[in-house]
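Residues per chain, in single letters:
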Amino acid sequence: MLIEIRKKPFNAYAEMQYYLDSLVIDGKYGATANFVGTMRDFNEDKKVTYMTLEHYPGMTEKHLNAIAKEAIEKWQLLDVLILHRIGKVKITEDIVLVACWSAHRKEAFESCRMIMEQLKSSAPFWKKEETGSGAKWVEKNTPGF
Amino acid sequence: MLIEIRKKPFNAYAEMQYYLDSLVIDGKYGATANFVGTMRDFNEDKKVTYMTLEHYPGMTEKHLNAIAKEAIEKWQLLDVLILHRIGKVKITEDIVLVACWSAHRKEAFESCRMIMEQLKSSAPFWKKEETGSGAKWVEKNTPGF
Amino acid sequence: MQVSVKYFASLRELMGEASSVIDLEESVSVSELWQSILDSKDVKFDNVMMAVNMEYVKSEHQLKSGDEVAFFPPVTGG
Amino acid sequence: MQVSVKYFASLRELMGEASSVIDLEESVSVSELWQSILDSKDVKFDNVMMAVNMEYVKSEHQLKSGDEVAFFPPVTGG
């Protein structure tokens with residue numbers, strides 16, 4: 001299990017491969033579900049030029065760890081990877097990566113989605129969007145179900 | 001949209017990056033859901049040493065195309081990628097890759113899972129497993145829900 | 001009329017052939033063709049899936065000359 | 001007793017500070033602390049989230065000396 005907060009841009013698929021290469025679950029995992037959240041150039045019909053992501057150092061990591069551990073236990077996962085950007089994020093840069101490895105697909109799909117929903121609703125991160133006509137804190141996330 | 005049947009091993013994350021680099025949806029996609037099915041060393045408690053995947057040339061591609069197009073329309077997806085192995089597949093090699101790009105996460109998650117379920121239940125592929133004590137056709141897929 | 005018939009996977013092995021061309025009367029459904037194949041080969045096979053011209057069809061689907069008919073076991077890809 | 005208080009995002013901007021140390025009576029709940037902060041600063045803030053020692057708590061959670069208390073707006077990560 002790896003949970004990391006990243007200050008610099010990361011490449012989601014290079015990270016997937018790099019992390020997978022470090023695992024010793026060869027032959028055990030049959031399913032990998034993976035979600036990548038990426039910076040768009042719009043939000044709720046407004047144009048966005050970049051955004052700044054703030055977090056609560058210490059609590060954010062602790063909270064993501066708890067989410068991941070609960071998912072591993074609930075779905076008997078073989079491994080979980082969560083990466084999340086902070087700082088200034090530009091359009092097309094990846095914001096979040098969640099990946100779940102399991103023997104069968106049901107567990108991978110369900111856990112990946114649930115981790116993302118829990119992250120969205122409870123992990124201490126806040127986005128401030130630069131819209132061209134001033135910066136504004138995002139008030140809430142879009143619903144996931 | 002790209003649907004491909006591959007005779008040789010592929011690296012799912014290199015394929016993700018390569019395909020993403022060819023797309024012109026920068027700034028439009030905020031969500032990518034991705035599923036990778038990988039060859040395990042067991043199935044239903046039996047040890048498996050390798051397997052051979054057969055398909056119906058022509059119909060398999062046509063059927064996967066129809067599944068992907070239906071998903072794009074239903075969830076307003078920005079793009080879909082489906083790769084599937086045939087031939088002799090060894091342990092740890094990737095069998096299937098499904099990726100869905102959309103503006104928001106709900107659509108990416110739901111479409112990726114639905115494409116996988118439709119692929120599993122209706123795309124013309126057949127697996128023959130080599131168990132050490134002889135080869136045997138797999139009779140049915142494990143349920144996904 | 002003639003149709004071409006294809007078999008896949010365990011069914012191909014059971015039939016001992018991957019394809020054949022079969023002469024048929026007019027107005028034969030895909031399930032009637034399937035039953036006549038089972039009878040002529042004297043074999044049984046449960047849960048067959050049927051496609052005509054690379055699309056799934058219902059058992060009552062009427063065949064026409066030149067159709068490509070495929071019979072195969074439940075699919076196990078992914 | 002003393003607790004340290006942290007603010008994040010729009011709430012940090014509203015408060016004009018990221019953190020402060022506050023002297024409290026014994027037997028104060030996190031929501032009582034929050035109300036006293038709002039009163040002393042003469043501000044309003046809806047939908048605040050509350051954590052003590054980096055874990056979410058209910059509004060009736062009793063504070064103790066040395067606690068790290070955090071107030072922040074609804075989270076918007078991912």
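Our subject is the structure that appears above.
If you're wondering where the values come from, they're calculated on a predicted model, not measured in any experiment.

Definitions and limits used
- Residues numbered from 1 in each chain as written.
- Chains lettered and ligands numbered in written order.
- Predicted model: local features only at pLDDT ≥ 70, side-chain atom pairs only at ≥ 80, totals over all residues.
- Heavy atoms only, no water.
- Helix = DSSP H or I, 4+ residues; strand = E, 2+ residues; numbered from the N terminus.
- Contact = heavy atoms within 4.5 Å.
- Pairing = 2+ DSSP bridges.
- Salt bridge = Lys/Arg side-chain N within 4 Å of Asp/Glu carboxyl O.
- Core = buried A, V, L, I, M, F, W, Y, C linked by side-chain atoms within 4.5 Å.
- Buried < 20%, exposed > 50% of the residue type's maximum accessible area, 1.4 Å probe, protein only.
- Expected span 1.5 Å × (residues − 1).
- Arc of directions from axis to C-beta.
- Buried area = accessible area lost by both parts, 1.4 Å probe.
- Polar contact = N/O pair within 3.5 Å; in protein donor to acceptor, adjacent residues only side chain to side chain.
- Axes fitted to C-alpha atoms, helices over the stretch in contact; angles between N-to-C directions.
- Nonpolar A, V, L, I, M, F, W, Y, C, P; charged D, E, K, R; others polar.

Trainee: Would you explain the side chain of T32 of chain B in this entry?
Mentor: Inspection of the secondary structure assignment puts T32 of chain B in strand β2 (residues 31-38). For T32 of chain B, the contacting residues outside a window of four places in its chain are Y13, N34, F35 and V36 of chain A together with M16, C100, W101 and A108 of chain B.

Trainee: Explain the sheet that holds strand β5 (residues 68-72) of chain C to me, please; I cannot follow it from the model alone.
Mentor: Through backbone hydrogen bonds, the strands of a sheet pair up, either in parallel or in antiparallel fashion. Residue and element names in this part refer to chain C. What the 5 strands build is an open sheet, ordered β2-β1-β5-β3-β4; its pairing is mixed. Unpaired on one side and paired on the other, β2 (19-23) and β4 (55-56) mark the two borders of the sheet. Pairing between strand β1 (residues 2-7) and β5: 4 bridges, direction parallel. The residue of β5 that forms the bridge with K6 is A70.

Trainee: Hey, could you run me through the pattern of salt bridges in this one?
Mentor: Side chains that differ in charge, positive against negative, can pair when their charged atoms come close. Across all of its chains, the model carries 28 salt bridges over all chains by this definition. A salt bridge links K128 of chain B to E13 of chain C, with the shortest nitrogen-to-oxygen separation between them at 2.4 Å. Of the two residues, K128 of chain B sits in strand β9 (residues 125-130) while E13 of chain C sits in helix α1 (residues 9-15), which places them in two different chains. A single salt-bridge network, built from bridges that share partners, covers E4, R6 and E15 of chain A.

Trainee: Please clarify how the nonpolar core should be interpreted in this entry.
Mentor: Side chains that are nonpolar tend, in soluble globular proteins, to be buried together. Core analysis: the largest hydrophobic core is formed by 62 residues, its most contacted members being L64, I82 and V98 of chain A together with L64, I82 and V98 of chain B. Look past the residues within four positions of I82 of chain B in its chain and what remains in contact with it is L2, I3, E4, L64, A68, L97, V98, I115 and L119 of chain B. In this structure, L83 and A99 of chain A together with A12 and L23 of chain B belong to the second largest nonpolar core, which totals 30 residues.

Trainee: I would appreciate a short explanation of helix α2 (residues 59-75) of chain B in the present structure.
Mentor: Every α-helical turn comprises 3.6 residues, leaving residues that sit three or four positions apart pointing alike. Residue and element names in this part refer to chain B. Spanning 17 residues, α2 covers 24 Å between terminal C-alpha atoms, matching the ideal 24 Å at 1.5 Å per step. Listed in full, the buried residues belonging to α2 are M59, T60, H63, L64, I67, A68, A71 and W75. Buried residues along α2 cover an arc of 165° about the axis, so they all sit on one side. In α2, the exposed positions that point more than 90 degrees away from the buried face belong to K69 and E73.

Trainee: How should I be thinking about the interface of chain B and chain A in this particular structure?
Mentor: Many descriptions give the size of an interface as the accessible area lost when the pieces come together. In this complex, chain B contributes 39 residues to the contact, which on the side of chain A involves 39 residues. Together chain B and chain A conceal approximately 3500 Å² of surface at their shared face, both sides included; 54% is due to carbon and sulfur atoms. Ranking the residues of chain B by area buried against chain A places Y13, R105 and F109 of chain B at the top, with a combined share of 23%. Across the chain B-chain A interface, the total number found is 6 salt bridges. Here E117 of chain B and R105 of chain A are joined by a salt bridge, their closest N and O atoms 2.8 Å apart. At the junction of chain B with chain A, the criterion picks out 19 residue pairs in polar contact (both at pLDDT 80 or more). Of the residues forming the side of chain B that touches chain A, the biggest block, 9 residues, is contributed by helix α3 (residues 105-122) of chain B.

Trainee: Sorry if this is basic, but what is going on with the sheet that holds strand β10 (residues 135-137) of chain A here?
Mentor: All names here are of chain A. One open sheet accounts for 4 strands, arranged β7-β5-β9-β10; its pairing is antiparallel. The open sheet terminates on both sides in strands that have one partner only, identified here as β7 (87-90) and β10. Pairs of neighbouring strands in the sheet enclose a mean axial angle of 25°, with direction left out of account. Bridge analysis of strand β9 (residues 125-130) against β10 gives 3 bridges, and the strand direction is antiparallel. When the sheet's bridge partners are listed, E130 is paired in β10 with A135.

Trainee: Would you take a moment to explain the pairing of strand β8 (residues 94-102) of chain A for this structure?
Mentor: Each regular strand carries side chains that alternate between the two faces of the sheet. All names here are of chain A. Most of β8 sits inside the fold, with 9 of its 9 residues counted as buried. The sheet contact formed by strand β2 (residues 31-38) and β8 spans 8 bridges and is antiparallel. Note on β8: the bridge partner recorded for G37 is V96. Here strand β6 (residues 79-85) runs beside β8; their pairing, made up of 6 bridges, is antiparallel. From the neighbouring strand, I82 faces β8, where its bridge partner is V98.

Trainee: Hey, could you run me through α3 of chain B in this one?
Mentor: Relative to the 26 Å expected for 18 residues at 1.5 Å per residue, α3 of chain B spans 26 Å between its end C-alpha atoms, a close match to the ideal helical length. Among the residues of α3 of chain B, R105, A108, F109, S111, C112, R113, I115, M116, E117, L119, K120 and S122 of chain B are the ones counted as buried.

Trainee: Honestly, the interface of chain C and chain B in this entry has me stumped. Any pointers?
Mentor: Counting from both sides, the interface comprises 21 residues of chain C and, opposite them, 27 residues of chain B. In total, about 1900 Å² of surface goes out of reach between chain C and chain B, with carbon and sulfur atoms giving 59% of it. Considering only the side of chain C, the residues that lose the most area to chain B are M54, T76 and G78 of chain C, jointly responsible for 37% of the buried surface there. Put simply, chain C and chain B have 3 salt bridges between them. The partner of E55 of chain C in a salt bridge is K62 of chain B, and the shortest N-O contact between them spans 3.4 Å. Linking chain C to chain B there are 14 residue pairs in polar contact (both at pLDDT 80 or more). Elements supplying a minimum of two residues to the side of chain C that touches chain B: α1, β3 (49-52), β4 and β5 of chain C. Counted by class, the side of chain C that touches chain B contains 11 nonpolar, 5 polar and 5 charged residues.

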